[in-house]
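Read off the chains here:
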Amino acid sequence: MALPAHAGTGERIWYYTYRIICAAIFVFLIGPIFIIVPLSFNAAPYFTFTPEMLSFDPAGYSLRWYEDFWTDINWQLAIRNSVIIGIFATLISTSLGTLAALGLSQSTMPYKSAFMALLISPMIVPLIISAAGMYFFYSRIGLASTHIGVILAHAALGTPFVVITVTATLVGFDRSLIRAANNLGATPTRTFFKVIVPLILPGVISGGLFAFITSFDEVVVVLFVGSVEQRTIPWAMFSGIREQISPTILAVATLLVLLSIMLLTTLELLRRRSERLRGMSPG
């Protein structure tokens, strides 16, 4: 918003001070990323800028750490585990979260607030407590150190994001469309897939993307519930920092940043589409 021509001295001071504060916060949050990205192209096995890099000598830059990430067998295992666990955890959390949001959106639903608090509790409870509880529970039922156990744990962490996004989408849902479909003879199943799903699909996809990001970036729970066979990319990065410092971690971090940017861009496009479907002006 531009500063009006009739603004006084105090308003002008606050106008520019506010923007300086916002810029400082932005640099504080994004600054570490700006450091990690160029360091991932370091030709030397160091976590610092070499004289060649500072002088922009091509010999100081290399793709060797990206090559190591894609060719090393340990990183390949971590990629496979992260993708498999993330996909299945997303499918489970998206299905459960969408059904829960549809149930909570019903006006006749009793104890709605209590159920909502219960469903989003994984976001509120400290992650270390959830991880410890899952470990002891899964150990008793034989799911500890298994892919199924890690998938279910990540699905539990991702479900609250789906519940929140789908519930927000259902706020502007016109329920007269359901009554119209019923009056026209559509079965509940046909009404759900032909009327409800197309309108809430942007919210469902957004929640699924949030659930996938949660699973793909999670490390605490998998350390408790999983084993070496379930080693994911965040686990490999955490172990690499503790055991063997390698700039490959910087290359992985850069790739994860790019993945996050693509997913966030997709979420923004879905948000705008959802608002257009509900007749709102995307702002």
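Please refer to the structure placed before this passage.
Residues numbered from 1 in each chain as written. Predicted model: local features only at pLDDT ≥ 70, side-chain atom pairs only at ≥ 80, totals over all residues. Heavy atoms only, no water.

Trainee: Please clarify how the overall build of the protein chain should be interpreted in this entry.
Mentor: When helices and strands are counted, the protein chain shows 13 helices and zero strands. Traced from its N-terminal end to its C-terminal end, the protein chain shows the element sequence α-α-α-α-α-α-α-α-α-α-α-α-α. By principal-axis analysis of the C-alpha atoms, the protein chain measures approximately 75 × 70 × 30 Å. Distance between charge centroids for the protein chain: 17 Å, based on 17 positive and 13 negative side chains. (Helix = DSSP H or I, 4+ residues; strand = E, 2+ residues; numbered from the N terminus. Lys, Arg positive; Asp, Glu negative; His and termini not counted. Charge placed at Lys NZ, Arg CZ, Asp CG, Glu CD.)

Trainee: Before we go on, may I ask you to explain the packing of aromatic side chains in this structure?
Mentor: The geometry of two aromatic rings is summed up by the distance between their centres and the angle between their planes. By the definition in use, this model includes ten aromatic pairs. These aromatic residues form a ring-pair network of at least three members: Phe69, Trp70 and Trp75. Of note, Arg19 hangs over the ring of Tyr15, and the distance from its end group to the ring centre comes to 3.7 Å. (Phe/Tyr/Trp six-rings, centres within 6.5 Å; stacked < 30°, edge-to-face > 60°. Lys NZ or Arg CZ within 6 Å of the ring centre and 35° of its normal.)

Trainee: What is the right way to read helix H10 (residues 188-217) from this model?
Mentor: Residues that lie three or four places apart on an α-helix share one face, since the helix turns once every 3.6 residues. When the terminal C-alpha atoms of H10 are compared, their 38 Å separation across 30 residues is substantially less than the 44 Å that a helix rising 1.5 Å per residue should span. Within H10, the axis deviates most sharply at Val197, by approximately 55°, and proline Pro198 lies no more than four positions further along. (Expected span 1.5 Å × (residues − 1). Bend = angle between axes of the 7 residues up to and from the residue.)

Trainee: Just to check I follow, could you spell out the nonpolar core for this structure?
Mentor: Across soluble globular proteins, nonpolar side chains have a tendency to be buried as a group. Formed by 18 residues in total, the largest nonpolar core has its most connected members in Phe69, Trp75, Ile233, Met237, Val252 and Leu256. Listing elements by their share of this core, those giving two or more residues are helix H4 (73-104), H10, helix H12 (233-243) and helix H13 (248-277). Here this core gets seven residues from one element, more than from any other, and that element is H13. Those residues within four positions of Val252 in sequence are excluded, and the remaining contacts are Phe69, Trp75, Ile233 and Met237. Residues Tyr138, Val150, Leu157 and Val221 belong to the second largest nonpolar core, which totals 15 residues. (Core = buried A, V, L, I, M, F, W, Y, C linked by side-chain atoms within 4.5 Å. Buried < 20%, exposed > 50% of the residue type's maximum accessible area, 1.4 Å probe, protein only. Contact = heavy atoms within 4.5 Å.)

Trainee: What should I look at first to understand unusual backbone geometry in this one?
Mentor: Trans peptide bonds make up most of the peptide bonds, and negative phi angles are found at most residues other than glycine. Non-glycine residue Phe56 carries a positive phi angle of around 60°. As for its placement among the helices and strands, Phe56 is situated in the loop between helix H2 (51-54) and helix H3 (64-71). Phi is positive for Ser145, close to 60°, though the residue is something other than glycine. By the secondary structure assignment, Ser145 is in the loop between helix H7 (127-141) and helix H8 (147-170).

Trainee: Explain the packing of H7 against H8 here, please?
Mentor: Packed helices, taken two at a time, are described by the angle between their axes plus the distance between the axes. Direction vectors running N to C along H7 and H8 enclose 145°, while the axes themselves pass 11 Å from each other. Every pair of crossing elements has a handedness; the one defined by H7 and H8 is right-handed. Two secondary-structure elements touch here, H7 through Leu127, Met134 and Tyr138 and H8 through Gly149, Leu152, Ala153, Ala156 and Leu157. The class makeup of the residues in the contact of H7 with H8 is seven nonpolar, one polar and no charged. (Axes fitted to C-alpha atoms, helices over the stretch in contact; angles between N-to-C directions. Left-handed = near helix turned anticlockwise from the far one by under 90°. Nonpolar A, V, L, I, M, F, W, Y, C, P; charged D, E, K, R; others polar.)

Trainee: Just checking my understanding: could you explain the environment of Gly203 for this structure?
Mentor: Along the chain, Gly203 falls in helix H10. With a relative accessible area of 4%, Gly203 lands in the buried category. Sequence separation between Gly203 and Ile120 is 83 residues; the distance between their C-alpha atoms is 17 Å. When sequence neighbours within four positions are dropped, the list of residues in contact with Gly203 reads Thr165, Val166 and Thr169.

Trainee: How should a nonpolar patch on the surface be read in this particular structure?
Mentor: Judged by side-chain polarity, Met123, Ile124, Val125, Ile128, Ile129, Tyr135, Phe136, Ile164, Leu223, Phe224 and Phe238 come together as a nonpolar surface patch covering roughly 1,000 Å² of accessible area. Structurally, Ile124 can be placed in helix H6 (residues 121-124). A relative accessible area of 62% places Ile124 in the exposed class. (Patch = residues over 30% accessible without salt bridge, like charges linked within 9 Å, V, L, I, M, F, W, Y side chains within 5 Å. Areas by Shrake-Rupley, 256 points an atom, 1.4 Å probe, with all protein chains shown as cover. Salt bridge = Lys/Arg side-chain N within 4 Å of Asp/Glu carboxyl O.)

Trainee: Please clarify how the environment of Val252 should be interpreted in this entry.
Mentor: Mapping Val252 onto the fold places it in helix H13. According to the relative accessible area criterion, Val252 is buried, its value standing at 1%. For the pair Val252 and Trp65, spaced 187 residues apart in sequence, the C-alpha to C-alpha distance is 8.6 Å.

Trainee: Help me understand the environment of Ala117 in this model?
Mentor: Here Ala117 is to be found in helix H5 (residues 112-119). Looking at Ala117, the relative accessible area reads 41%, which means it is partly exposed. On a C-alpha basis, the gap between Ala117 and Pro160 in space is 9.6 Å, while along the polypeptide they are 43 residues apart.

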